[in-house]
Amino acid sequence: MDVRIEPGWKRELQEEFEQPYFKALTDRVRAEYADPNVRVYPPAREIFAAFDASPFESTKVVIIGQDPYHGPGQANGLCFSVAPGVDLPPSLRNILREVHEDTGAPLPPDGDLTRWARQGVLLLNSSLTVREHAPKSHAGLGWERFTDAAVNRLASQRENLVFLLWGSDAIRRGEHIDRSRHLVLTSPHPSPLSAHRGFFGNHHFSRANAYLAAHGKTPVVW
């Protein structure tokens, strides 16, 4: 199957694109996008935006989310991110607060995390699509198998990456990452329901940059 995605990722994931599960997944997702009675996010052209913004060979940090925002105009293909002009969802507000308190970086004017992605931060949701107002509605269609494959390719083919895993779902996704080759940082999710149980004060952003610098990589301007 010919999938429009960043060339390095296309090379690494070509085997997935040829699997029966992936054809079944894309058939199902295309049908929902084409259904006039259903709204699906993000816009179809942004389904693989996380991969396009952070090429395989450039990725140095991985953040794993759950599924795209399910409200109108929110999802832009990057986990936790929203387009300029969109109100900050609570989890993103807490992420930016922790960045500010951890690193001293000023609070940004918007929630568009494309600026992180372009520095090699892969902002990857476990499911890449979702129905409007229906969280986890595309869980179990096959996206998790695909995004697991992407994470596993990075973990097996690259060295000295940083994985930021927030919440039990993300932490489970990273159970098989070799801690002797990569830095894996875990904490509660930044959701208002759990942020005060250990996300605030986790210092993941400064710790990630210290690790990158120690391994000869350019730290991220958070």
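That block above? That's the structure.
Residues numbered from 1 in each chain as written. Predicted model: local features only at pLDDT ≥ 70, side-chain atom pairs only at ≥ 80, totals over all residues. Heavy atoms only, no water.

**Thoughts on the sheet that holds strand S6 (residues 183-187)**
The strands making up a sheet associate through backbone hydrogen bonding, with each pair oriented either parallel or antiparallel.
At step 1: Spatial strand order, S3-S2-S5-S6: 4 strands in an open sheet with parallel pairing. Because the sheet does not close on itself, it has two edges, and the strands there are strand S3 (121-125) and S6. Strand-to-strand twist of the sheet, defined as the mean angle between neighbouring strand axes without regard to direction, takes the value 20°.
At step 2: Strand direction decides the pairing type here: strand S2 (residues 61-65) and strand S5 (residues 162-166), joined by 4 bridges, are parallel. The residue bridging Val-62 from the neighbouring strand is Phe-163, located in S5. (Pairing = 2+ DSSP bridges. Helix = DSSP H or I, 4+ residues; strand = E, 2+ residues; numbered from the N terminus. Axes fitted to C-alpha atoms, helices over the stretch in contact; angles between N-to-C directions.)

**Considerations on the nonpolar core**
At step 1: Counting 68 residues, the largest nonpolar core has Phe-48, Phe-51, Ile-63, Trp-116, Phe-146 and Trp-222 as the members making the most contacts within it.
At step 2: Ranked by residue count, the leading element in this core is helix H6 (residues 143-157), at 7 residues.
At step 3: Ignoring any residue separated from it by four or fewer positions in sequence, one finds Trp-222 in contact with Val-61, Val-99, Thr-103, Ala-105, Trp-116, Val-121, Leu-164, Phe-205, Ala-208 and Asn-209. (Core = buried A, V, L, I, M, F, W, Y, C linked by side-chain atoms within 4.5 Å. Buried < 20%, exposed > 50% of the residue type's maximum accessible area, 1.4 Å probe, protein only. Contact = heavy atoms within 4.5 Å.)

**Thoughts on the packing of aromatic side chains**
At step 1: Within the structure shown, the criterion is met by 18 aromatic pairs.
At step 2: Ring geometry for Phe-48 against Phe-146: centres 6.0 Å apart, planes inclined by 70°, an arrangement best described as edge-to-face. Of this pair, Phe-48 sits in the loop between strand S1 (40-41) and helix H3 (49-53) while Phe-146 sits in helix H6, and the two are 98 residues apart along the sequence. Here Phe-48 and Phe-146 have matching classes, each one buried.
At step 3: The interplanar angle of 65° and the centroid separation of 5.8 Å between the aromatic rings of Phe-51 and Phe-146 together place this pair among those described as edge-to-face. Taken together, the residues Phe-51 in helix H3 and Phe-146 in helix H6 connect sequence positions 95 residues apart. Phe-146 matches Phe-51 in its accessibility class, with the two residues each being buried.
At step 4: Every member of this aromatic cluster is reached through a ring pair, and the members are Trp-9, Phe-17, Tyr-21, Phe-22, Phe-48, Phe-51, Phe-56, Trp-143 and Phe-146.
At step 5: The ring of Phe-200 is capped by Arg-97, whose NZ or CZ atom sits 3.9 Å from the centre of that ring. (Phe/Tyr/Trp six-rings, centres within 6.5 Å; stacked < 30°, edge-to-face > 60°. Lys NZ or Arg CZ within 6 Å of the ring centre and 35° of its normal.)

**Considerations on the environment of Ala-134**
At step 1: With respect to the helices and strands, the residue Ala-134 is situated in the loop between strand S4 (130-131) and H6.
At step 2: Considering only alpha carbons, one finds Ala-134 and Tyr-69, 65 residues apart in sequence, at a separation of 9.4 Å.

**Focus: H6**
Think of an α-helix as 3.6 residues a turn; residues three or four steps apart then line up on the same face.
At step 1: Taking 1.5 Å of rise per residue, 15 residues should cover 21 Å, and H6 covers 21 Å from first to last C-alpha, within 8% of that figure.
At step 2: Along H6, the residues that are buried comprise Trp-143, Phe-146, Thr-147, Ala-149, Ala-150, Val-151, Leu-154 and Ala-155. (Expected span 1.5 Å × (residues − 1).)

**Quick word on the packing of helix H1 (residues 7-17) against H6**
At step 1: Look at H1 against H6: their axes get within 10 Å of each other, and the N-to-C directions meet at 135°. As far as their axial angle goes, H6 and H1 are oblique. Read as a crossing pair, H1 and H6 show a hand that is right-handed. Of the residues in H6, those touching H1 at Trp-9, Glu-12, Leu-13, Glu-16 and Phe-17 are Arg-145, Phe-146, Ala-149, Ala-150, Arg-153, Leu-154 and Gln-157.
At step 2: Per-class residue counts for the contact of H1 with H6 are 7 nonpolar, 1 polar and 4 charged. (Parallel < 35°, antiparallel > 145°, perpendicular 65-115°, else oblique. Left-handed = near helix turned anticlockwise from the far one by under 90°. Nonpolar A, V, L, I, M, F, W, Y, C, P; charged D, E, K, R; others polar.)

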